[in-house]
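Residues per chain, in single letters:
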Amino acid sequence: MTTTDATVTDQLQRPLRDLRVSLTDRCNFRCGYCMPKALFGANHAFMPRRELLTFEEIQRLARLFTPLGVRKLRLTGGEPLIRRDLDRLIGMLAEVEGIEDISLTTNASLLTIDKARALRAAGLKRVTISLDGIDDATFRAMNDVGFPVARVLEGIENAERAGLSPIKVNMVVQRGVNDHDIVPMAAHFRGTPHIVRFIEFMDVGNSNGWQLDQVLPSREVMARIDAHWPLEPVSPNYRGEVVARYRYRDGAGEVGLISSVSQPFCGTCSRARLSAEGKLFTCLFAGAGHDLRDRLRAGESDEAIREALINIWSRRGDRYSELRTHETRPVDTRRIEMSYIGG
Ligand code: SAM
Ligand code: SF4
Ligand code: SF4
């Protein structure tokens, strides 16, 4: 269904507001829940460079998406900082009329001070940095390439010095793997402007061996932190905000809980995802995408592509996480990997 100002809503009346753009399917980490080494080994066939959308193609798509309602762009991957000249792309996206917010999700391993400054100067406002533990041994084991915590903390500091602050720090919690690090993680970032967000381990893709008993529900995360430093809820920044916000009652800052499994938020999901090779997915758990690169490279007009986007979104009925909660186990379909579709 479309409205007169051309913004588009889907079958469940959800608008299209966010576009997450994966810039590469490659990564220098091998987090077990995302790119386990057994499946992403030395012989893994990543996308050849010519298959990736060019910066010009990404900018053109951004221009086609904004009239339909997209206001926020998030650049992700794979590891987006692997993509050369990322600051040039940010500059090109910052020029797109209608885009109000551009952010980046990164493991920060390549976030030098020069890189952080270049991204900021190009128009990046915010950065989300993934860090799954503050205990060095735990974190090295989780990224499975022995990458030290200290270097991610350096990346966080570089982002802060470049003016990309406050920083959101994402920690995916897996029971029995890193849940002992929840309280130390909260302790480390208490008293800083940065916001740690604890994310429930999700059954994305087919390769991470997800089991419901590895999910530590957010209410338990909250209880563990609250037992040390009492928390109180903070009202959401906007309707449909995915993160539940809490602040320390003693004024030492804020944490967030993302309960993708225990309290799914499909009802307000306004996100579409674009893979690095230009396939559009209307759900993180979709089995197939819509090929936009073919349309771009076949020389289709802006009008034709925009019409296709309206069709895709207005037919959307996805609500995978809500359905999975009723089933309490992964719904048995082939799904796309997180490193491909972009987190
Ligand atoms: N490489 C970048 C990074 O790690 O920040 C960007 C891509 S990564 C796929 C984006 C986010 O998805 C990360 O915060 C990561 O922890 C999260 N993620 C990946 N697999 C996940 C899973 N199975 N459940 C929950 N979050 C996941
Ligand atoms: Fe790489 Fe990010 Fe996936 Fe970890 S979560 S393997 S850093 S893409
Ligand atoms: Fe959105 Fe799909 Fe996640 Fe539901 S499961 S919140 S529809 S991406």
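Residues numbered from 1 in each chain as written. Chains lettered and ligands numbered in written order. Predicted model: local features only at pLDDT ≥ 70, side-chain atom pairs only at ≥ 80, totals over all residues. Heavy atoms only, no water.

Caption draft 1: How the structure looks around the site of ligand 1. Near ligand 1 lie 19 residues; those nearest to it are Tyr33, Gly78, Glu79, Ser130 and Met202. Contacts to ligand 1 include Ser130, whose side-chain N or O atom sits 2.6 Å from an oxygen atom. When ligand 1 is considered free in solution it has 550 Å² of accessible area, and contact with the protein chains removes 95% of it. Residue assignment for the shell around ligand 1 shows that the elements contributing at least two residues are strand 3 (101–106) and strand 5 (168–173). In the shell around ligand 1, the residues fall into 7 nonpolar, 10 polar and 2 charged. (Near = heavy atom within 4 Å. Polar contact = N/O pair within 3.5 Å; in protein donor to acceptor, adjacent residues only side chain to side chain. Areas by Shrake-Rupley, 256 points an atom, 1.4 Å probe, with all protein chains shown as cover. Helix = DSSP H or I, 4+ residues; strand = E, 2+ residues; numbered from the N terminus. Nonpolar A, V, L, I, M, F, W, Y, C, P; charged D, E, K, R; others polar.)

Caption draft 2: Here's a closer look at the sheet that holds strand 7 (residues 231–234). Read across the sheet, 12 strands follow the order 7-8-9-6-5-4-3-2-1-10-11-12 without closing on themselves; strand pairing throughout is mixed. A strand with exactly one partner marks an edge of an open sheet, and here the two such strands are strand 7 and strand 12 (290–291). Across 6 bridges, the pairing between strand 5 and strand 6 (residues 195–200) is parallel. The partner of Lys168 across the bridge, within strand 6, is Ile195. With respect to the sheet, helix 5 (residues 149–161) is in contact with strand 4 (126–130) and strand 5, its orientation differing from that of strand 4 by roughly 170 degrees. (Pairing = 2+ DSSP bridges. Contact = heavy atoms within 4.5 Å. Axes fitted to C-alpha atoms, helices over the stretch in contact; angles between N-to-C directions.)

Caption draft 3: Representation of the site of ligand 2 within the structure. Looking at ligand 2, the residues that line it are Cys27, Phe29, Cys31, Cys34, Met35, Gly78 and Asn107. Counted by class, the shell around ligand 2 contains 5 nonpolar, 2 polar and no charged residues.

Caption draft 4: Molecular detail of the packing of aromatic side chains. Scanning the entire structure with this criterion turns up 5 aromatic pairs. Aromatic side chains Phe29 and Phe139 sit 6.2 Å apart centroid to centroid with 70 degrees between the ring planes, which places their arrangement in the edge-to-face category. Taken together, the residues Phe29 in the loop between strand 1 (18–22) and helix 1 (55–65) and Phe139 in helix 4 (residues 136–143) connect sequence positions 110 residues apart. Residue Phe29 shares its accessibility class with Phe139, and that shared class is buried. Following the ring pairs from residue to residue traces out a cluster consisting of Phe29, Phe139 and Phe147. We note Arg190 situated over the ring of Tyr248; from NZ or CZ to the ring centre the distance is 4.6 Å. (Phe/Tyr/Trp six-rings, centres within 6.5 Å; stacked < 30°, edge-to-face > 60°. Buried < 20%, exposed > 50% of the residue type's maximum accessible area, 1.4 Å probe, protein only. Lys NZ or Arg CZ within 6 Å of the ring centre and 35° of its normal.)

Caption draft 5: Broad picture of the environment of Glu241. For Glu241, the position within the fold is in the loop between strand 7 and strand 8 (244–248). With relative accessibility at 16%, the residue Glu241 sits in the buried group. On a C-alpha basis, the gap between Glu241 and Leu81 in space is 26 Å, while along the polypeptide they are 160 residues apart. Within the structure, Glu241 has its side chain in polar contact with the backbone nitrogen of Asn237 (distance 2.9 Å).

Caption draft 6: Up close: the nonpolar core. Ranked by internal contacts, the top residues of the largest apolar core, which has 107 residues, are Leu75 and Phe198. No other element matches helix 1, which puts 6 residues into this core. When sequence neighbours within four positions are dropped, the list of residues in contact with Leu75 reads Val21, Leu23, Pro80, Leu86, Leu89, Ile90, Leu93, Ile102, Ser103, Leu104 and Thr105. (Core = buried A, V, L, I, M, F, W, Y, C linked by side-chain atoms within 4.5 Å.)

Caption draft 7: Representation of the UniProt feature "binding site: GTP" (unreviewed entry) in the protein in the model. As recorded in UniProt, the sites labelled "binding site: GTP" (unreviewed entry) are Arg20, Arg74, Thr105, Lys168, Arg271, Ala272 and Arg273. Classification of Arg20 by relative accessible area gives buried; the value is 17%. Following the sequence through the fold, Thr105 ends up in strand 3. Overall, the relative accessible area of 15% leaves Thr105 in the buried class. At a separation of 2.7 Å, a polar atom in the side chain of Thr105 contacts the side chain of Arg74. (UniProt positions renumbered as here; feature names shortened; annotations may be inferred.)

Caption draft 8: View of the pattern of salt bridges. The final tally for this structure, using the stated rule, is 21 salt bridges. Between Glu51 and Arg293 there is a salt bridge whose closest N-O contact spans 3.0 Å. You can see Glu51 sitting in the loop between strand 1 and helix 1 and its partner Arg293 sitting in helix 8 (residues 293–297), a full 242 residues away along the chain. What makes Glu51 partly exposed here is its relative accessible area of 22%. Glu232 serves as the salt-bridge partner of Arg249, at 3.3 Å between the closest nitrogen and oxygen. You can see Arg249 sitting in the loop between strand 8 and strand 9 (254–258) and its partner Glu232 sitting in strand 7, a full 17 residues away along the chain. (Salt bridge = Lys/Arg side-chain N within 4 Å of Asp/Glu carboxyl O.)

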